[in-house]
Amino acid sequence: MDIKKVAIVGGGTAGWLAANHIGKEMLNRKGISVTLIESPDIPPIGVGEGTVPDIRNTLKSFGIREDEFIRQCDATFKQSIKFINWMDKKKHGEGNFFHHLSDVPST
Ligand SMILES: Cc1cc2nc3c(=O)[nH]c(=O)nc-3n(C[C@H](O)[C@H](O)[C@H](O)COP(=O)(O)OP(=O)(O)OC[C@H]3O[C@@H](n4cnc5c(N)ncnc54)[C@H](O)[C@@H]3O)c2cc1C
């Protein structure tokens, strides 16, 4: 099938990543348009959004500079996650917590 128009419904994480992936693949093909449709009434979930180190390669493949991305998104590098009183006190003790990301650094 000869696709000429691509419509992506939803401007959240999935929508914008899809738009970038498809846009990158179709960059050199003429006569193809990609349109992303956002709802003015329904906000994206937009929470957490911690990601994995390979996002750097993804951004690079999109032609997005990492420093510009961090500035525009007001992002930060996550070193660890501390969950205070996260688990059952009786089973795991007072002030229990855990974090991952290779368990370094710790406080
Ligand atoms: C507490 C919490 C923490 C999380 N932490 C992380 C994390 O650290 N890392 C991670 O990767 N993920 C995390 N997630 C999951 C992540 O936030 C979601 O999986 C992701 O944001 C979903 O993206 P989405 O594009 O599917 O949905 P959304 O971001 O919600 O986007 C949906 C889009 O569709 C639009 N839309 C809806 N209906 C219509 C319509 N009828 N017409 C047009 N547009 C419409 C909305 O306006 C919105 O822009 C977390 C989620 C939660 C709840």
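Residues numbered from 1 in each chain as written. Predicted model: local features only at pLDDT ≥ 70, side-chain atom pairs only at ≥ 80, totals over all residues. Heavy atoms only, no water.

- Going by the annotation in an unreviewed UniProt entry, the name recorded for the protein chain is Flavin-dependent tryptophan halogenase RebH, with Pseudoalteromonas haloplanktis given as the source organism.

## Quick look at the packing of aromatic side chains
The description of an aromatic ring pair uses the distance of the two centres, along with the angle that the planes make with each other.
Inference 1: Going through the model one piece at a time under the given rule, you end up with one aromatic pair.
Inference 2: Residues phenylalanine 83 and tryptophan 86 carry aromatic rings whose centres are separated by 4.4 Å and whose planes lie at 50° to one another, so their mutual orientation is tilted.
Inference 3: Owing to a relative accessible area of 19%, phenylalanine 83 belongs among the buried residues under this scheme. (Phe/Tyr/Trp six-rings, centres within 6.5 Å; stacked < 30°, edge-to-face > 60°. Buried < 20%, exposed > 50% of the residue type's maximum accessible area, 1.4 Å probe, protein only.)

## A word on the pairing of strand β1 (residues 5–9)
Inference 1: Of the two faces of β1, the one holding Val6 and Ile8 is buried and the one holding Lys5, Ala7 and Val9 is not buried anywhere.
Inference 2: Handedness of the β-α-β unit built from β1, helix α1 (residues 13–25) and strand β2 (residues 33–37) comes out right-handed. (Helix = DSSP H or I, 4+ residues; strand = E, 2+ residues; numbered from the N terminus. Right-handed = clockwise from strand over helix to strand, strands pointing away.)

## Describing the domain arrangement of the protein chain
When the parts of a complex come together, some accessible area is lost, and that lost area is often used as the size of the interface.
Inference 1: Split into domains, the protein chain comes out as domain 1 (5–78) and domain 2 (79–107).
Inference 2: Relative to domain 2, the C-alpha centre of domain 1 lies at a distance of 32 Å. (Domains from an automatic or database assignment.)

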